[in-house]
Amino acid sequence: MTHARLRFDAGTLVLDGLDAAQGAALDLPGCLWDPRVNRWRAPAFRYRDVVTALTKWSRGGAGEFTDEARGYGTLTLHHRAVREPFAHQREAIAAWRAQKNRGVVVLPTGAGKTFVAELAIHLVQRSALVVAPTLDLMNQWYDVLFTAFGEKVGLLGGGYHEPGDLTVSTYDSAYLHMERLGARWGLVIFDEVHHLPSPTYLLAAECSLAPFRLGLTATLERADGRHALLDDRVGPVVYARGIKDLAGEYLADYDVQSVAVDLTEEEAAAYAENRAIYRDFIWSEGISMGAPDGWSRFIIASSRSSEGRRAFLAYREQKQISLASQGKLSVLEGLLRQHARDRVIVFTNDNDTVYAISRRFLIPAITHQTDVKERRELLERFNHGTYPALVTSRVLNEGVNIPAANVAIVLSGTASVREHVQRLGRILRRQEGKRAVLYEVITRNTAEERTSDRRREHDAYR
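Residues numbered from 1 in each chain as written. Predicted model: local features only at pLDDT ≥ 70, side-chain atom pairs only at ≥ 80, totals over all residues. Heavy atoms only, no water.

### Description of the sheet that holds strand E5 (residues 63-67)
1) Next: Spatial strand order, E3-E4-E2-E1-E5: five strands in an open sheet with mixed pairing. Both edges of this open sheet fall to strand E3 (32-34) and E5, since each of them pairs with a single strand only. For this sheet, the mean inter-axis angle between neighbouring strands, taken without regard to orientation, is 30°.
2) Next: Relative to strand E2 (residues 12-16), strand E1 (residues 2-9) runs antiparallel, the two sharing five bridges. In the strand pairing of E2, Arg-7 is matched with Val-14.
3) Next: Across the sheet, helix H2 (residues 47-59) is in contact with E1, E2, strand E4 (39-43) and E5; its angle to E5 comes to roughly 150°. (Pairing = 2+ DSSP bridges. Helix = DSSP H or I, 4+ residues; strand = E, 2+ residues; numbered from the N terminus. Axes fitted to C-alpha atoms, helices over the stretch in contact; angles between N-to-C directions. Contact = heavy atoms within 4.5 Å.)

In structure tokens, the structure reads:
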């Protein structure tokens, strides 16, 4: 009788004992014949499908197989939660179970995605890995898992290499180490799963054999369409609720207000002059900035001549004028006075503006240059009320726990719907009597008006 042996090898599955003809007859999912070793091989994420097919083959009496790939264990975790899950959290877990413990859950920031993950870990009772995009989030998850289960929690990232039955990793560390550790966990949870489809991070899913997978995000869709790759690597969207669905009951009520400002005469003249230089150049080069390759074509073309370099500097200047006009700073001053008793986050598009606002209004700044300890201290003091306001560019767009924040002032940003929804989500964690407000400050008669229209294409803003 034929005996097959399945093993884990450098982020893949290798099947010993079946020749090319025998394997072809089985039609094993995802398996290809590897002539280098004369073995059938599949990506590790196909583990459950391959085991299912081999089990069926074995039960049919055609042969036997041994699973030596699995390196994860069964746990006996006790969930120390003292509260019942909300209705949407129960529904999310039920939908995930119905999909055989695989899939993506889409819930707004503040709706309790972390608690959904705790429920999933307790449900499957398998060694589990949580993958997060930043060191701040890795540290938050470490605290969450230790508090929830009272067990030792391992870390991968930030100078730590301590894999355990419960482990938290950054995406950077996960994709680097998964080809060696991919058999270690039976459940992998990808926080902010919209990061996963990038070409390198995707290896964190492909080199893991975990049969159980959960993706968590508030904003799934990517402009490049690569979120479609998650269906195979994590599972389909099994549950989704929006901000409007949960506002008032599970999230804070909120208002969105747009404030339009005008350029000064001097700013308007400089804006028109620089924009004309930039627009004339892209017209002469036949570049459409709305095309998928528009930006890259502009960058390449602008590097080839003095006219191109002049056009690029003009592009930057006209954009900076619209994003950080004097009118915006005057509005910001008024809003800070109006909300002096609130907790305010000011969002901008670039670090230069962050530091300029920080100096002008004496507001602590957080950027990618702020080290982890300082960032944690600033956020703690903000939550406790020592600092009533913070100014940042993009590093607080996602995943940071700042429940005290109730006012967001968006001075500038990209056209990304995801970014705008994430910024709104920063102020929606429910607290007694809380009503949040987001201000979007826009410069009239500039390209920023079109940017605003595009990024507001979401139900939360209608």
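### Concerning the packing of helix H10 (residues 265-284) against helix H12 (residues 306-323)
The angle between the axes and the distance between the axes are what describe a pair of packed helices.
1) Next: The geometry of H10 relative to H12 is characterised by a closest axis approach of 8 Å and an angle of 140° between their N-to-C directions. Regarding the angle of H10 to H12, the classification is oblique. For the pair H10 and H12, the sense of crossing is left-handed. Each of Glu-267, Ala-270, Tyr-271, Asn-274, Arg-275, Ile-277, Tyr-278 and Phe-281 in H10 lies in contact with H12, whose residues at this interface are Glu-307, Gly-308, Arg-310, Ala-311, Ala-314, Tyr-315, Glu-317, Gln-318, Ile-321 and Ser-322. (Parallel < 35°, antiparallel > 145°, perpendicular 65-115°, else oblique. Left-handed = near helix turned anticlockwise from the far one by under 90°.)

### So, H10
For the α-helix, the turn length of 3.6 residues means that residues three or four positions removed from each other point alike.
1) Next: Relative to the 28 Å expected for 20 residues at 1.5 Å per residue, H10 spans 29 Å between its end C-alpha atoms, a close match to the ideal helical length.
2) Next: Of all the residues in H10, the buried ones are Glu-267, Tyr-271, Asn-274, Arg-275, Ile-277, Tyr-278, Phe-281 and Ile-282. On an axial view of H10, the arc spanned by its buried residues comes to 155°, and they lie on one face. Facing away from the buried surface of H10 by more than 90 degrees, the exposed residues are Glu-265, Glu-273, Asp-280, Trp-283 and Ser-284. (Expected span 1.5 Å × (residues − 1). Buried < 20%, exposed > 50% of the residue type's maximum accessible area, 1.4 Å probe, protein only. Arc of directions from axis to C-beta.)

### Considering the pairing of strand E19 (residues 435-443)
Put simply, side chains in a regular strand alternate between the two faces of the sheet.
1) Next: In terms of burial, E19 is largely enclosed, as eight of its nine residues are buried.
2) Next: Sheet topology note: the strand E14 (residues 253-261)/E19 ladder contains nine bridges and is parallel. Bridge pairing in E19 links Asp-253 to Arg-435.
3) Next: As paired strands, strand E18 (residues 407-410) and E19 are joined by four bridges and run parallel to one another. Following the sheet pairing, Ala-408 is matched in E19 by Leu-438.

### Notes on helix H14 (residues 351-361)
1) Next: For H14, the full list of buried residues reads Asn-351, Thr-353, Val-354, Ile-357, Ser-358 and Phe-361. Around the axis of H14, the buried residues are gathered within 160° of arc, so they sit on the same side. Those residues of H14 that are exposed and angled more than 90 degrees off the buried face are Asp-352 and Arg-359.
2) Next: One side-chain oxygen of the residue at the start of H14 lies 3.3 Å from the amide nitrogen of Asp-352, identifying that residue as Asp-350.
3) Next: Directly after H14, the chain includes Leu-362, whose backbone phi takes a positive value near 55°. (Polar contact = N/O pair within 3.5 Å; in protein donor to acceptor, adjacent residues only side chain to side chain.)

### Let's talk about empty space enclosed by the protein
1) Next: Evaluation of the coordinates by the stated rule reveals one cavity of 30 Å³ or more.
2) Next: Estimates place the volume of the largest cavity at around 30 Å³.
3) Next: The wall of the largest cavity is formed by Pro-108, Thr-109, Ala-218, Ile-243, Val-421, Gly-425 and Leu-428.
4) Next: Here the residues of the lining of the largest cavity sort into five nonpolar, two polar and no charged. (1 Å grid on protein atoms, 1.4 Å probe; cavity = no way out; pocket = protein on both sides within 12 Å on 5 of 7 lines; lining within 4 Å. Points joined across faces, edges and corners; volume = space filled by probe spheres on them. Nonpolar A, V, L, I, M, F, W, Y, C, P; charged D, E, K, R; others polar.)

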